[in-house]
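Coordinate inspection notes
So you can see what is in the structure, the chains are spelled out below.
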Amino acid sequence: MRVVEGGVCAAKGFTANGIHCGIRKNHSKKDLSLIFSAVPASAAAVYTTNLVKGAPLAVTKRHLQNGTAQAVVCNSGNANTCNANGREIAEAMSDLTAKQLGIPAEDIIVASTGVIGQPLDITPIAAGLPLLAAGLSAEGCHAAAEGIMTTDTVRKEAAVEFTLGGRTCRLGGIAKGSGMIHPNMATMLVFLTTDAAISPQMLQKALSGDVAGTFNMISIDGDTSTNDMVTILANGMAGNPEITAGGGDFAEFMKALNTVTIALCRKIAGDGEGATKLLECRVSGAADSATAKTAAKSVICSSLLKAAMFGADANWGRVLCAIGYSGAAVDVEKIDVSFQSAAGCIAVCQNGTGVDFSEELAKRILSEKEIEILVGLNSGNACATAWGCDLTYDYVRINGDYRT
């Protein structure tokens, strides 16, 4: 397996594009994206657990009941959530896109992201779709990635090449996400594509299984969004024998999927609203996987710990505090904690108590752009990883006037 360029267009048969159609006031910001497969594809999705859901999710769920899709259309700048005519607008996006592509509307995944509770006018979307569809290309990944961004500061793309049944396959994707990101949803917005042949049932199994240990292990701010969704299209154009059951090929597919999703997780967490640092909490030595995940997520979700990381303050007590209220069944007197980065590694707690360490070295370690919080529970063999970012002054500034 190797990392390749191309993101959502890396796999055979996929094209994409992104344009500014007029939803957003800033003409330099793209606000409409399209991803297209040359042939119908197996499709799967996972959605937010928030009871308040954007209208596009309901439309997409209905469209994916048969396990197939051929295109993804997504706008930014407006979430199309809590609108009286939201479903009608989402259906109109499908119908208009279908006409441009010459495919059934039921084969289109619809997504929206942006401000909640503001009416979404279909007019700019309808006017922009001909240009959007005409510009589809195998080099359109960057444009599509830009078209789904809201407060994101960088594009988020990843792709890998791997082998199934002697055939070369590719899997890639794009993502958006910077705020309103918290575990136990689906994710922000992530669109994945692959030319591997896999049945809709096994594709759904792969995606649902992967999300539990990747996107559901990110937390930026503790808010679970209303429009979060991760989807994957598999068009089979690589020509491998179709995966219809577990086995070696399915395991290899899962490995490729996990490689791409972890890469996107890190990009999302590192680009949290106002963030200056990517935080990765790795818990090892847990009695079971559930305990490891609970502990890791609690540490990453701690506002106090996130603030300490912003200030490069080795306040390790906040790590133990977060584990202590997480609900995880741990032996506090066995917990070890270390901080690690490109500047080195320093132990700050052993067996639940502090150890002497150099504050100067700790400051250097925590001043790097990527920080690893290493937690040893010393009670078993299970492990888990969670991702987040520091909590800065800019997070409040960004969200203080997000709507206005």
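Going by the structure above, here's the rest.
Presented here is an overview of the structure given in this document.

Calculation notes
- What you see as residue numbers is a count from 1 along each chain, following the sequence as written.
- The predicted nature of this model means local features are confined to residues of pLDDT at least 70 and side-chain atom pairs, given and counted, to a pLDDT of 80 or more, with totals for whole chains, interfaces and linings taken over all residues.
- Side-chain numbers come from the whole structure's heavy atoms, not from hydrogens or water.
- A fitted line through C-alpha atoms serves as each axis, taken over the contacting stretch for helices, and the angle formed by two N-to-C directions is quoted from 0 to 180°.
- Each helix is a run of H or I in the DSSP string that is no shorter than four residues. Each strand is a run of E no shorter than two, and both are numbered from the N terminus.
- Angle categories: roughly parallel below 35 degrees, roughly antiparallel above 145, roughly perpendicular from 65 to 115, and oblique for all the rest.
- Left-handed describes a crossing whose near helix is turned anticlockwise from the far helix through less than a right angle; right-handed describes the clockwise counterpart.
- Any pair of residues with heavy atoms lying within 4.5 Å of one another is described as a contacting pair.
- Think of a nonpolar core as a cluster: buried Ala, Val, Leu, Ile, Met, Phe, Trp, Tyr and Cys residues, connected wherever their side-chain atoms sit within 4.5 Å.
- To sort residues, take the accessible area from a 1.4 Å probe on protein chains only and compare it with the maximum for the residue type: under 20% means buried, over 50% means exposed, and anything in between is partly exposed.
- DSSP-based pairing: two strands are paired if at least 2 bridges between them are found.
- Multiplying 1.5 Å by the helix residue count minus one yields the expected span of that helix.
- Charge counting treats Lys and Arg as positive and Asp and Glu as negative, with His and both chain ends excluded.
- Salt bridges, as used here, are contacts in which a Lys or Arg side-chain nitrogen is within 4 Å of a carboxyl oxygen on Asp or Glu.

**A few points about the packing of helix H7 (residues 289-301) against helix H9 (residues 317-324)**
Put simply, H7 and H9 touch, their axes get as near as 8 Å, and they point 130 degrees apart. Looking at the two axes, H7 sits oblique to H9. Where H7 crosses over H9, the handedness of that crossing is right-handed. Of the residues in H9, those touching H7 at Ala295, Ser298 and Val299 are Val319, Ala322 and Ile323.

**Side note on the nonpolar core**
Core analysis: the largest hydrophobic core is formed by 73 residues, its most contacted members being Leu192, Phe215, Ile232, Phe253, Val319, Phe339 and Val375. Per element, the largest residue contribution to this core is nine residues, and it comes from helix H6 (residues 248-270). Look past the residues within four positions of Leu192 in its chain and what remains in contact with it is Gly172, Gly173, Leu207, Val230, Thr231, Ile232, Leu233, Leu257, Val260, Thr261 and Leu264.

**A word on the sheet that holds strand S9 (residues 218-219)**
Within a sheet, neighbouring strands are paired by backbone hydrogen bonds and run either parallel or antiparallel to one another. Overall, mixed pairing links the seven strands, which are arranged S9-S16-S11-S15-S12-S13-S14 in an open sheet. Here the strands that pair on one side only, and so sit at the sheet edges, are S9 and strand S14 (353-354). Taken together, the two bridges between S9 and strand S16 (residues 382-389) define a ladder with parallel strand orientation. Paired with Ser219 across the bridge in S16 is Gly388. Contacts from H7 reach S9, strand S11 (278-286), strand S15 (370-376) and S16, with the element oriented near 20 degrees to S16.

**What about H6?**
For H6, which comprises 23 residues, the first-to-last C-alpha distance of 33 Å matches the rise-based estimate of 33 Å (1.5 Å per residue) to within 8%. Where H6 is concerned, the buried positions are Phe250, Phe253, Ala256, Leu257, Val260, Thr261, Leu264, Cys265, Ile268 and Ala269.

**Focus on the side chain of Asp195**
Of note, Asp195 is situated in the loop between strand S8 (189-194) and helix H5 (200-211). Although Asp195 is buried, it forms no salt bridge, and the closest oppositely charged side chain is Lys12 at an N-O distance of 5.8 Å. Sequence-distant contacts of Asp195, that is, excluding residues within four places in its chain, are made with Ala11, Lys12, Phe14, Cys169, Arg170, Asn235, Gly236, Met237, Ala238 and Asn240.

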